[in-house]
Amino acid sequence: MASYDLVVIGTGPGGYVCAIRAAQLGMKVAVVEKWPTFGGTCLNVGCIPSKALLQASERYEEVTHMLPKMGIGVGKPKLDLATMMKFKTDGVDGNVKGVDFLFKKNKITPYVGTGRIVSAGKVEVKSGDGKTEILDAKNIVIATGSDVAKLKGVDIDEKRIVSSTGALVLDKVPEKMLVIGAGVIGLELGSVWRRLGSQVTVVEFLDRILPGMDGEIARSFQRILEKQGMTFRLGAKVTGADTSGKKLKASVEPAAGGKAETIEADVVLVAIGRVPYTEGLGLKEAGVALDQRGRVQTDGHFATNVKGIYAIGDVIAGPMLAHKAEDEGIAIAEILAGQAGHTNYDVIPGVVYTFPEVATVGKTEEELKQAGVAYNVGKFPFTANGRTKVNQTTDGFVKILADAKTDRVLGAHIIGAEAGEMIHEAAVLMEFGGSAEDLARTCHAHPTRSEAVKEAALAVAKRAIHM
Ligand code: FAD
Ligand code: NAI
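Residues numbered from 1 in each chain as written. Chains lettered and ligands numbered in written order. Predicted model: local features only at pLDDT ≥ 70, side-chain atom pairs only at ≥ 80, totals over all residues. Heavy atoms only, no water.

**Comments concerning the overall build of the protein chain**
Now for step 1: Each helix and strand counted, the protein chain has 14 helices and 22 strands in total.
Now for step 2: By the compact-globule yardstick of 23 Å for 467 residues, the protein chain fits well, its C-alpha radius of gyration being 23 Å.
Now for step 3: Its C-alpha atoms put the protein chain at 65 × 60 × 50 Å along the principal axes.
Now for step 4: The proportion of buried residues among the 467 residues of the protein chain is 51%.
Now for step 5: If you take every contact in the protein chain between residues at least 6 apart in sequence, the share linking residues at least 24 apart comes to 62%.
Now for step 6: For the protein chain, the exposed surface amounts to about 21700 Å²; the carbon and sulfur share of it is 53%.
Now for step 7: Positive and negative charge centroids in the protein chain, built from 56 and 55 side chains respectively, lie 2 Å apart. (Helix = DSSP H or I, 4+ residues; strand = E, 2+ residues; numbered from the N terminus. Rg over C-alpha atoms; globule rule 2.2 N^0.38 Å. Buried < 20%, exposed > 50% of the residue type's maximum accessible area, 1.4 Å probe, protein only. Contact = heavy atoms within 4.5 Å. Areas by Shrake-Rupley, 256 points an atom, 1.4 Å probe, with all protein chains shown as cover. Lys, Arg positive; Asp, Glu negative; His and termini not counted. Charge placed at Lys NZ, Arg CZ, Asp CG, Glu CD.)

What follows is the structure in structure tokens.
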């Protein structure tokens with residue numbers, strides 16, 4: 001029987017990063033993956049392919065809306081969707097091959113097959129041809145990720161009623177797309193298909209988009225998306241979809257119930273969240289406890305109730321984000337090596353990769369109010385930033401929230417071009433417990449969009465210069 005210090009089940013960003021860090025720390029490591037390629041949801045059907053299509057569709061739209069303003073006349077763009085999809089697939093291939101390479105480099109043994117925990121210390125791997133093998137493991141890390149949440153009455157066939165996975169491989173641009181859920185997936189993939197020519201309507205159960213993000217940011221972002229041509233039906237729910245005709249007919253009702261109406265669509269995207277994936281893992285038999293939401297229960301240091309079995313990433317509590325899973329993967333590897341591994345859940349950035357991007361880290365105004373924390377707000381609009389003015393990408397603003405007593409930055413929220421890159425200066429500052437004044441007194445290169453971050457920090461003390 002092959003024997004390892006650590007067996008990681010799942011090779012998403014949580015699992016593969018955990019395996020690499022553990023190998024760096026001298027452990028003998030194996031990974032078990034049931035998909036034919038490594039990298040999990042993120043690399044195969046999540047972050048990476050969606051960003052490839054966001055990048056390509058943004059360029060496509062730019063040809064009509066932006067290039068003529070710059071004096072670059074290239075005529076009406078012609079969409080070759082098959083080539084755009086190949087661009088996406090090439091990007092995915094490059095990334096999954098990268099994980100292969102890293103496993104080899106770090107002498108990690110990969111097993112392709114479905115992993116099942118037989119008991120603490122024993123993992124069974126069942127390969128596609130039905131053969132099974134038992135691995136002996138001093139420690140086991142569950143990193144099996146998440147799966148699409150289903151909606152009753154709207155059955156996903158991945159052709160006309162799709163999840164994010166089907167929405168990444170459509171072979172033609174739907175005339176009308178109905179998106180269920182105004183969360184990150186709905187807005188990112190809705191944006192992709194709107195840019196390529198679909199009429200996109202988003203039905204959202206709540207009375208706002210992007211729940212959990214700062215309310216002012218969400219309202220402003222909704223207006224921007226509406227200006228781009230996306231339609232929103234807030235406070236509404238889809239209760240069923242009739243697939244019998246050429247067009248799909250979705251029944252839409254007010255969230256609180258009431259008269260239903262029909263919305264026609266060629267494709268319906270179900271994007272109402274994701275659920276932890278624990279199917280076939282043998283957790284019940286191994287005695288591993290789940291919480292009320294079906295997530296593997298951990299003790300704050302990634303340990304389950306069974307000694308020697310740990311869990312990280314989407315399958316446990318917390319935001320379902322690749323970088324959160326990665327950080328947890330590193331932390332548990334370090335803990336297993338006797339170090340003080342730690343994930344700081346107060347400073348996990350979140351980014352929506354639309355145009356403009358939305359980026360956020362730390363507390364929202366709503367959270368601070370609810371916690372009764374006195375705070376000051378500094379805001380700075382991109383209309384007043386030299387670089388965005390000259391680039392004509394002035395939609396959005398930066399908002400910094402700082403403790404009223406100590407001036408410590410508690411949250412930063414940005415809508416704007418490349419907000420997802422800018423957010424990290426706030427994240428680093430917050431990791432060091434920095435103040436708005438620290439940020440405001442840091443010299444920022446001119447002309448950059450990041451000067452708006454400095455100006456928002458200055459605005460906390462009501463001394464922004466360019467406003
Ligand atoms: P996963 O990436 O889900 O990996 C789990 C792996 O475990 C899979 O490979 C699965 O095959 C394997 N597995 C499961 N059960 C078994 C078993 N029994 N045996 C063997 N293998 C098993 N997050 C971001 O931070 N940024 C983004 O831009 C972003 N975009 C996204 C876009 C989309 C469309 C989607 C769906 C998600 C996106 N996410 C994004 C979320 C991100 O993909 C997840 O948070 C991340 O992949 C979670 O990592 P993980 O390692 O926990 O699990
Ligand atoms: P989400 O949780 O972000 O949004 C789901 C939305 O659907 C919510 O607004 C919710 O109120 C709404 N909803 C739920 N039930 C509904 C119903 N019956 N009818 C109408 N609306 C309903 O989930 P989403 O977008 O599916 O994404 C899943 C996960 O993937 C997220 O947790 C996210 O973190 C991650 N992800 C991250 C990305 C990024 O970081 N850029 C990109 C894509 C996904």
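Having seen the model, we can carry on.
**Concerning the sheet that holds strand β14 (residues 261-265)**
Now for step 1: The antiparallel open sheet is built from 3 strands, whose spatial order is β12-β13-β14. The open sheet is flanked by β12 (236-242) and β14, the only strands paired with a single partner. Going from strand to strand, the sheet's axes swing by 35° on average, the running direction of each strand aside.
Now for step 2: The pairing of β12 with strand β13 (residues 248-254) spans 6 bridges and is classified as antiparallel. Its bridge partner lying in β13, K237 is registered against E253. (Pairing = 2+ DSSP bridges. Axes fitted to C-alpha atoms, helices over the stretch in contact; angles between N-to-C directions.)

**Observations concerning the domain arrangement of the protein chain**
Much of the literature gives interface size as the accessible area that the parts lose upon coming together.
Now for step 1: One can read the domain layout of the protein chain as domain 1 (2-148 + 275-336), domain 2 (161-272) and domain 3 (350-460).
Now for step 2: The centre of domain 1, based on its C-alpha atoms, is set 27 Å off from the matching centre of domain 2.
Now for step 3: Opposite the 17 residues of domain 1 that make contact, domain 2 presents 16 residues.
Now for step 4: Between domain 1 and domain 2 the total buried area reaches about 1400 Å² when both faces are included, carbon and sulfur atoms providing 67% of it.
Now for step 5: Considering only the side of domain 1, the residues that lose the most area to domain 2 are L54, E61 and L81, jointly responsible for 30% of the buried surface there. (Domains from an automatic or database assignment. Buried area = accessible area lost by both parts, 1.4 Å probe.)

**Digging into the site of ligand 1**
Now for step 1: Neighbouring ligand 1 are 39 residues; E33, T41, K51, G115 and A322 lie closest to it.
Now for step 2: The contact in question runs from an oxygen atom of ligand 1 to an N or O atom on the backbone of M320, over 3.2 Å.
Now for step 3: The separation between an oxygen atom of ligand 1 and a polar side-chain atom of H323 is 3.3 Å.
Now for step 4: When the free accessible area of ligand 1 is taken as 990 Å², the share hidden by the protein chains comes to 96%.
Now for step 5: Sorting the residues of the shell around ligand 1 by element identifies α1 (13-24), β2 (29-33), α2 (40-45), α3 (47-65), β4 (114-119) and α9 (322-336) as the ones contributing at least two each.
Now for step 6: Tallying contributions element by element places α2 first for the shell around ligand 1, with 4 residues.
Now for step 7: When the residues that make up the shell around ligand 1 are grouped by side-chain class, the tally is 16 nonpolar, 18 polar and 5 charged. (Near = heavy atom within 4 Å. Polar contact = N/O pair within 3.5 Å; in protein donor to acceptor, adjacent residues only side chain to side chain. Nonpolar A, V, L, I, M, F, W, Y, C, P; charged D, E, K, R; others polar.)

**Focus on helix α7 (residues 215-227)**
Now for step 1: With 13 residues, α7 extends 19 Å between its outermost C-alpha atoms, agreeing within 8% with the 18 Å of an ideal straight helix rising 1.5 Å per residue.
Now for step 2: The set of residues buried in α7 consists of G215, I217, A218, S220, F221, Q222, I224 and L225.
Now for step 3: Along its buried surface, α7 packs onto α6 (184-195), β11 (231-234), β19 (357-362), α10 (365-370), β21 (397-403) and β22 (409-416).
Now for step 4: The opening residue of α7 is D214, an N-cap whose side-chain oxygen sits 3.2 Å from the backbone nitrogen of E216. (Expected span 1.5 Å × (residues − 1).)

**Re the site of ligand 2**
Now for step 1: If you check the shell around ligand 2, you find 23 residues, and the closest are I185, E188, E204, G273 and V351.
Now for step 2: Separating a nitrogen atom of ligand 2 from a side-chain N or O atom of E188 is a distance of 2.9 Å.
Now for step 3: Take E204: an N or O atom from its side chain is 2.6 Å from an oxygen atom of ligand 2.
Now for step 4: Protein contact buries 77% of the 830 Å² of open area that ligand 2 shows by itself.
Now for step 5: Only α6 and β10 (199-204) provide two or more residues apiece to the shell around ligand 2.
Now for step 6: With 3 residues, the single largest contributor to the shell around ligand 2 is α6.
Now for step 7: Its residues assigned to classes, the shell around ligand 2 shows 16 nonpolar, 3 polar and 4 charged.
Now for step 8: Composition of the shell around ligand 2 by domain shows at least three residues from each of domain 1 (2-148 + 275-336) and domain 2 (161-272).

**Examining the packing of α1 against α9**
Now for step 1: Here α1 crosses α9 at 30°, and the two axes come no closer than 7 Å. Comparing their axes, α9 and α1 come out roughly parallel. For the pair α1 and α9, the sense of crossing is right-handed. Within the contact between the two elements, α1 uses P13, G14, V17, C18, R21 and A22 and α9 uses A322, A325, E326, G329, I330, I332, A333 and E334. (Parallel < 35°, antiparallel > 145°, perpendicular 65-115°, else oblique. Left-handed = near helix turned anticlockwise from the far one by under 90°.)

**Things to note about the environment of A303**
Now for step 1: Structurally, the position occupied by A303 is in the loop between α8 (283-286) and β17 (309-311).
Now for step 2: Using a relative accessible area of 17% as the deciding quantity, one classes A303 as buried.
Now for step 3: Expressed as a C-alpha distance, the spacing of A303 and V162, which sit 141 residues apart in the sequence, is 35 Å.

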